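One-letter residues, chain by chain:
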Amino acid sequence: MTTLKELYAAHFYEAASYHAQRVRLLQNPDLHEYDEDGYETCTHAAMCAEMFITGKVIEHNPSEVVPSKILEKRNQDKISLSALQDNDVNKVDINTLVSLQMCGAAEMLKKYIDIEKYHFKNDNLEETLNSIRHYAKLLIDNRNDVLHRHYMHTQSIHPATAFSYLCQYVDAVYGDNSMEHQYFTGTYSRDASALTELLKRYLSADFDEPENLSIDTYNKQIHKIASKYTALMRSKKQYPNLSLTTDIVTCPKCGKYAFLTRQTEVLATYWEGEPNNSISVLEMFNPSGESEETLQCPVCQLEWKDDVLHLYQDFGEIKCIKTHIRPDKLSLEFKQCYQTYSN
C-alpha cells in the first residue's frame, strides 16, 4: 500500500504533470493558447520543476519541506509532517497539509540535489544532477522575473528550450519509462486525486472514542464559537453584511456531533462573462482572509476549513441535524438537540 508521505508527494506530482501539460499546449503554434513570447511557458515550466522537487523532498522526509524556524513555532505542522513520515493516519491534519508555509524554491532545490546525490551515490550522475539544478534554477529565476518584474532577465535561452533540456536530464537520471518521465511529459494520472485518497484513508482509520462522552465535551467548543460571534459583531460597521451562523452536523470521522460555522463578511456581484452582457452573480467572500466555512468536532478533534471541506464534498456529504443557528443561541439549541437525539 502507498505510504502517507508517498500520497502527499503524489499531490505535488499531479501538479507537476498539470504544468507540464500546459507547457506543451502553450508551445503548439496551431492552438490559440500559443505563447510566442514565452512568459506563460516559463511560469508553468518553473512550476513543474518546483512541484517535482517538492514531491521528491517529501518522499525523503516531509519535515524537510518546511523551514526549521517555522516548525519550532507551529507545533501542528510538526505533528502532521511527522505523522506522514511515521505513516500514522490518525495524526495527519489535512487542513494543515494544504496550507503549509514551505521552504523557498532555491532551498528546496538544494535539498533535492543533496538527497538524490546521496541516494544514487554515482559519480557519473553527479554532472547530470547538476544540469537538472542549472535548468530548474534558470526557469525558477526567470519565472520570478516574470511575476515580480514583468520581464525575463535573460533571453539567452527560450523557456521551452530550457524545459526540454531539463526533461532530457531528468530522463538521463530516472529513465524514460519512469514515473518521473510522466511528471515532466504531463502524462501522470491517478484514479482519484492524491489528497482525496489521503482524506479517505484518514476517515476510514479506527478512532478511539472517549470513555466519558457527555454534553460537557461540547460546551467548550460552543463557548469559543459564541465568543467569536460576539467579537465579530463589533465589526458590523466595517462589514455591514457580516454574518456568522452555525449548523449542528454529524462528524464525518467519528459520527458524533460537530459544528459547521459559516462566516460571511462582504456581498459583491460580478459578471459571469462579458460585462453588461452576461449574468450577474452574487458572491459572498471574506476580505479579512478568514475561512468561509469551518467544521469542528470536539470529540475526535477534527477541524476542517474551506479547502478540505470542498475536497470532502467531491465524494461525501456533511449530514445536517439543525441549521442556521445564531452562535449566541447555540448553547440552548444544542442542549435541546442533544437531549432529543440522545434519548
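Definitions and limits used
Residues numbered from 1 in each chain as written. Predicted model: local features only at pLDDT ≥ 70, side-chain atom pairs only at ≥ 80, totals over all residues. Heavy atoms only, no water. Disulfide = S-S within 2.5 Å. Buried < 20%, exposed > 50% of the residue type's maximum accessible area, 1.4 Å probe, protein only. Helix = DSSP H or I, 4+ residues; strand = E, 2+ residues; numbered from the N terminus. Polar contact = N/O pair within 3.5 Å; in protein donor to acceptor, adjacent residues only side chain to side chain. Pairing = 2+ DSSP bridges. Contact = heavy atoms within 4.5 Å. Axes fitted to C-alpha atoms, helices over the stretch in contact; angles between N-to-C directions. 1 Å grid on protein atoms, 1.4 Å probe; cavity = no way out; pocket = protein on both sides within 12 Å on 5 of 7 lines; lining within 4 Å. Points joined across faces, edges and corners; volume = space filled by probe spheres on them. Nonpolar A, V, L, I, M, F, W, Y, C, P; charged D, E, K, R; others polar.

Draft legend 1. Structural view of the state of the cysteines. This model, assessed by the stated rule, comprises 0 disulfides. There is no disulfide at Cys254, and the cysteine sulfur nearest it, in Cys297, is 3.6 Å away. Owing to a relative accessible area of 18%, Cys254 belongs among the buried residues under this scheme. In this model Cys337 remains outside any disulfide bridge; the closest cysteine sulfur is found in Cys320, 11 Å from its own.

Draft legend 2. Summary view of the environment of Gln263. Position of Gln263 relative to the elements: it lies in strand 2 (residues 257-264). Along the backbone, Gln263 and Asp191 are 72 residues apart, and their C-alpha atoms lie at a distance of 34 Å. Side chain to side chain, Gln263 and Lys228 meet in a polar contact 3.4 Å long.

Draft legend 3. The pairing of strand 5 (residues 293-296), seen in detail. Where burial is concerned, the two faces of strand 5 agree: the one with Glu293 and Leu295 and the one with Thr294 and Gln296 are both buried. In this structure, strand 2 lies alongside strand 5, joined through 4 bridges in antiparallel fashion. Note on strand 5: the bridge partner recorded for Phe259 is Gln296. Across 2 bridges, the pairing between strand 5 and strand 6 (residues 303-304) is antiparallel. Within strand 6, the position partnered with Gln296 by the bridge is Glu303.

Draft legend 4. Representation of the sheet that holds strand 7 (residues 319-325). Judged by pairing direction, the sheet is antiparallel, and its 5 strands sit side by side in the order 6-5-2-1-7 without closing on themselves. Either end of the sheet is taken by a strand with one partner, and the two such strands are strand 6 and strand 7. With 4 bridges connecting them, strand 1 (residues 243-250) and strand 7 associate as antiparallel partners. Paired with Thr250 across the bridge in strand 7 is Lys319. Most of the contacts of helix 11 (residues 216-233) go to strand 2, to which it runs at about 10°, and overall it touches strand 1, strand 2 and strand 5.

Draft legend 5. Representation of the layout of surface pockets. Put simply, the largest pocket is a space of about 300 Å³. Along its surface, the largest pocket is lined by 18 residues, and Gln76, Val92, Asp93, Tyr202 and Gln301 are the ones closest to its centre. Elements with a contribution of two residues or more to the lining of the largest pocket: helix 4 (75-86), helix 5 (94-97) and strand 6. Element by element, the count of residues in the lining of the largest pocket is highest for helix 5, at 3 residues. Across the lining of the largest pocket, the residue classes tally to 8 nonpolar, 5 polar and 5 charged.

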